Amino acid sequence: MLSQNFMLEKDPLSLERIRQILVRLEDTIIFDLIERAQFAHNPRIYIRGSFEELRDMEFDGSWLEWFLKEIETFHARARRYTSPDEYPFTSNLPAPVLLPLAFPKILYSNTINANPSILSFYTRSIVPRITRRATLALAAIKRSNGIIGDEEYEDDGNYGSAATIDVEVLQAISKRVHYGKFVSESKFIANPAAFIPHILTPNRAALEALITKPEVERKLLQRLRKKAAIYAQEFSADGDAIINSHLNGSAKIDVDGVVELYESYIIPLTKEVEVDYLLHRLDGLSQEEIDALTA
């Protein structure tokens, strides 16, 4: 959650300050993925209606969706979602028990929430990949105990532990993606005249071109790969990294999978959020107010 100190900074929309937050989120996401990778895929927890216990409670969603609902209900009461960088996956949450903090208005009013897309790509594409090593190890153990065929794969029964980590990963990815709104607002107020014609048209391609920095993306992916390779290593008792312990399938996390998460999902979805935010940046403004932005 954004701290009140961040919101009271002299320039909370500084691109350098935002960049520092995004870099820290890289660490959070990688470490959470490493934690999730120790468990098998457990696809049952992502299938709606697969738990009779939840159906008996008249909840027809998946185990993970139930986890999100319960956790986000508590977080909503603790006013987590009054912060402009926090977005719940669950709708119809209760009001906070505490009065909201007095955050200054930084973002333009909007209803953009990319969490349905985040939940979909995470459960369908990311989880199967990062849990592959644990899933294969589980299958080998089951075969050694005479369990073969469909029963040998994917499910280790750690539904609570897996879902707990899933929630942490999803919340971190959500924060990372929705920070695109802060990036767009920062770039817009720095040069409204460059954006306004393409907002009024509207022209998504032109807006995306204005916010895209290929060299920044290249460095991000390079940094991410280096971090993931370092964190994927095993360490000796005295704290020294065991050379090449992240190679030959023995890494704690699929390094290529981490890079793919950013390259194929997080970065493109962040751009979509940034462009969607810009397309609504002039909503409700009169022509006079729009003209004043470019004066």
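Residues numbered from 1 in each chain as written. Predicted model: local features only at pLDDT ≥ 70, side-chain atom pairs only at ≥ 80, totals over all residues. Heavy atoms only, no water.

Per an unreviewed UniProt entry, the chain goes by the name Chorismate mutase and belongs to Suillus plorans. Quoted verbatim from the Subcellular location (unreviewed entry) heading of the UniProt record, the comment on the chain is "Cytoplasm". On record in UniProt, under Pathway (unreviewed entry), the comment for the chain is "Metabolic intermediate biosynthesis; prephenate biosynthesis; prephenate from chorismate: step 1/1." (UniProt positions renumbered as here; feature names shortened; annotations may be inferred.)

Enquirer: Give a detailed account of the packing of aromatic side chains, specifying residues and quantitative values.
Expert: Applying the stated rule across the entire model yields nine aromatic pairs. When the ring of Trp66 is compared with that of Phe67, the centres are 5.9 Å apart and the planes differ by 75 degrees; the resulting orientation is edge-to-face. What links up through ring pairs into an aromatic cluster is the set Phe51, Trp63, Trp66, Phe67 and Tyr159. Lying over the aromatic face of Phe51, Arg44 brings its terminal NZ or CZ to 3.9 Å of the ring centre. (Phe/Tyr/Trp six-rings, centres within 6.5 Å; stacked < 30°, edge-to-face > 60°. Lys NZ or Arg CZ within 6 Å of the ring centre and 35° of its normal.)

Enquirer: Describe the nonpolar core, naming the residues involved and giving the relevant values.
Expert: Judged by nonpolar contacts, the single largest core of 67 residues is most densely connected at Leu33, Trp63, Tyr122 and Ile173. At the level of secondary structure, the elements contributing two or more residues to this core comprise helix 2 (15-36), helix 4 (63-77), helix 5 (115-130), helix 7 (159-178), helix 8 (180-190), helix 11 (214-231) and helix 12 (255-279). For Tyr122, the contacting residues outside a window of four places in its chain are Leu33, Arg36, Val127, Pro128, Asp166, Val169, Leu170 and Ile173. Within the second largest apolar cluster, eleven residues are counted, among which are Ile196, Ile199, Val275 and Leu282. (Core = buried A, V, L, I, M, F, W, Y, C linked by side-chain atoms within 4.5 Å. Buried < 20%, exposed > 50% of the residue type's maximum accessible area, 1.4 Å probe, protein only. Helix = DSSP H or I, 4+ residues; strand = E, 2+ residues; numbered from the N terminus. Contact = heavy atoms within 4.5 Å.)

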